[in-house]
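Residue strings, one per chain:
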Amino acid sequence: MVGLAWVVAVACVRGGWSWLYYLPGVSPASYKSRERVALMVSKVSSTKTQIPYDYYSLPYCGKREVGREAAESVESGYVLEMKVPDACKLLCRKQHSRQELRLLRAMIDNEYRVSWSIDGLPAAMRSAEGFASRGFPVGFWATGEETKQDGEEPRFGRRRHYLYNHVRVTVSYHESPERFEGARIVGFEVEPFSIRHDYDRAEDVATAILDTCNEMRPARHDPNNLQDVDGKQAEVIYTYDVNWVASETPWSHRWDVYLRASPDDEIHYFSIVNSLMIVLFLTGVVAMIMLRTLRKDISAYNENATLEDAQEESGWKLLHGDVFRPPPCPALLAICTGSGAQIFVMTAAVVCLALLGVLSPASEGSLVTALVLVFVATGGVSGFVSARLYRLLRGAADWKVVALAAATSYPSVVSLAFFALEAMLRAQGASSHTFPVTAVFTCLS
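Read on for a plain summary of the structure. (Residues numbered from 1 in each chain as written. Predicted model: local features only at pLDDT ≥ 70, side-chain atom pairs only at ≥ 80, totals over all residues. Heavy atoms only, no water.)

### Describing the overall build of the chain
Piece 1. Of the regular secondary structure elements, the chain holds 10 helices and 17 strands.
Piece 2. Every one of the 445 residues in the chain was classed for burial, and the buried ones make up 33%.
Piece 3. Looking at the chain alone, contacts between residues at least 24 apart form 72% of all its contacts between residues at least 6 apart.
Piece 4. About 28,500 Å² of surface is accessible on the chain, with carbon and sulfur atoms providing 60% of the total. (Helix = DSSP H or I, 4+ residues; strand = E, 2+ residues; numbered from the N terminus. Buried < 20%, exposed > 50% of the residue type's maximum accessible area, 1.4 Å probe, protein only. Contact = heavy atoms within 4.5 Å. Areas by Shrake-Rupley, 256 points an atom, 1.4 Å probe, with all protein chains shown as cover.)

Right under this line is the structure:
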């Protein structure tokens, strides 16, 4: 045992502590020059509606594979090769119908964001202040000005919707020939553009050179040439740029950019302080009332202590008979207490695992998997606490039934809530990104 400890200590000193952050089978992937790098797509989500949709439920280039779960990531049609830059490369040309344009406008109004990933690293979009946010919007809307005839003053027009049909992909890579071969991806950023592409209509779009962007003319933000989706039909040309940037950031710290919170995040400090002040004020009021009541009762008790007729108890002393009185539903109290103890132990164990670095952010779904496994492993805590409390309140009768109910009640409630939410999401046409139903039934079987 001592020898094993020395081996671990020597490995930590020689190899550093960065391995602690990526223990659960997530090893770095190295790419050679011109090796294909897969760009994965999974979903579009919004903080405004809380209903996720599959990426290919939108009329983007490509289509969803038959039989694929909506929560799974799939390789897109974007072609990326290590250290090979591309400028205004054509992805596809699509003629969108009225229904597709209506869907895109709804996604823009509800502030949906597209989720991409490369090598397990989600796409980041930089703000003007330099902070990164995951994903990028489907598009944006703006209200322009409409000028009335006869020289009248301009007025604000209706809302116009614009689609991001061009993306500039910037991939950062790290090289260290003395430690490993090839290059490792340590950054993935996306900058979206809305461009109404133009080209020579006499030529095929697949071979024609676009006038709006090409290798000699990079894409740029032009307010006078935006791709709107407000008509009945629209031709949209999807393009993308690829840039490769060398970086000194090691692979073990590539997630640091996502952990820096933006000051524009909606953190309601005033509401938090206000709630704390209200709680403290109410606590002080209740404490003052109890103190005055107890002081009055104690004074009256001391004055009447010498009197022979002061035998009847009054005031706060009447509570001593209710303190040890069993509750009307001891089984329900024992079940809830056991489930709460199990959840507390599960939370503490998962937090400890996260602090030790076992739960890697690069492993998608590792947190949920750890919660389920630790919850199952701590089932004995719920049974012991509930049975112990029930025997304390009602004796040794039926404590096994209470322990069994404690083991099944909370999972049953959570499962019913899960399936109800799953049914509502699928009724809305959304893709569920919790546990896939087929995977749940597979686990049960």
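Here the narrative resumes, following the displayed structure.
### Focus: the state of the cysteines
Piece 1. One pass over the structure, following the stated rule, counts 2 disulfides.
Piece 2. The side chain of Cys61 participates in a disulfide bridge whose partner is Cys92; the two sulfur atoms lie 1.6 Å from each other. Here the S-S torsion is close to -65 degrees, and the disulfide linking Cys61 with Cys92 is therefore left-handed. Here Cys61, found in the loop between strand 4 (53-54) and strand 5 (74-75), pairs with Cys92, found in strand 7 (residues 86-96); they are 31 residues apart in sequence, far enough to count as distant.
Piece 3. The disulfide bridge from Cys88 ends at Cys213, spanning 1.8 Å between sulfur atoms. (Disulfide = S-S within 2.5 Å.)

### Some points on the packing of helix 6 (residues 330-355) against helix 9 (residues 399-427)
Piece 1. Remark: helix 6 packs on helix 9, axes separated minimally by 9 Å, with the N-to-C direction vectors making an angle of 55 degrees. On the basis of their axis angle, the class for helix 6 and helix 9 is oblique. Here helix 6 and helix 9 pass one another in a crossing that is right-handed. For the pair helix 6 and helix 9, the contacting residues are Ala331, Ala334, Ile335, Ser339 and Ile343 in the first and Val402, Ala405, Ala406, Ser409 and Tyr410 in the second.
Piece 2. Counted by class, the contact of helix 6 with helix 9 contains 8 nonpolar, 2 polar and no charged residues. (Axes fitted to C-alpha atoms, helices over the stretch in contact; angles between N-to-C directions. Parallel < 35°, antiparallel > 145°, perpendicular 65-115°, else oblique. Left-handed = near helix turned anticlockwise from the far one by under 90°. Nonpolar A, V, L, I, M, F, W, Y, C, P; charged D, E, K, R; others polar.)

### Notes on the pairing of strand 8 (residues 113-118)
Every other side chain in a regular strand lies on the same face of the sheet, so the side chains alternate between the two faces.
Piece 1. Bridge count between strand 3 (residues 39-45) and strand 8: 6 bridges; the pairing is antiparallel. The residue bridging Leu39 from the neighbouring strand is Ile118, located in strand 8.
Piece 2. Strand direction decides the pairing type here: strand 8 and strand 12 (residues 136-137), joined by 2 bridges, are antiparallel. Considered in strand 12, the bridge of Val114 is made with Phe136.
Piece 3. Bridge analysis of strand 8 against strand 9 (residues 121-122) gives 2 bridges, and the strand direction is antiparallel. Across the sheet, the residue bridging to Ser117 is Pro122, located in strand 9.
Piece 4. Once strand 8 ends, the chain turns through 2 residues before running back antiparallel as strand 9, passing Asp119 with a positive phi of about 55 degrees. (Pairing = 2+ DSSP bridges.)

### With respect to the environment of Phe193
Piece 1. As for its position among the elements, Phe193 is in strand 16 (residues 183-193).
Piece 2. Spatially, the C-alpha atoms of Phe193 and Thr239 are 9.7 Å apart, while their sequence positions differ by 46 residues.
Piece 3. Beyond its immediate sequence surroundings of up to four residues, Phe193 is in contact with Leu163, Tyr164, Asn165, His166, Arg168, Ala219, Arg220 and His221.

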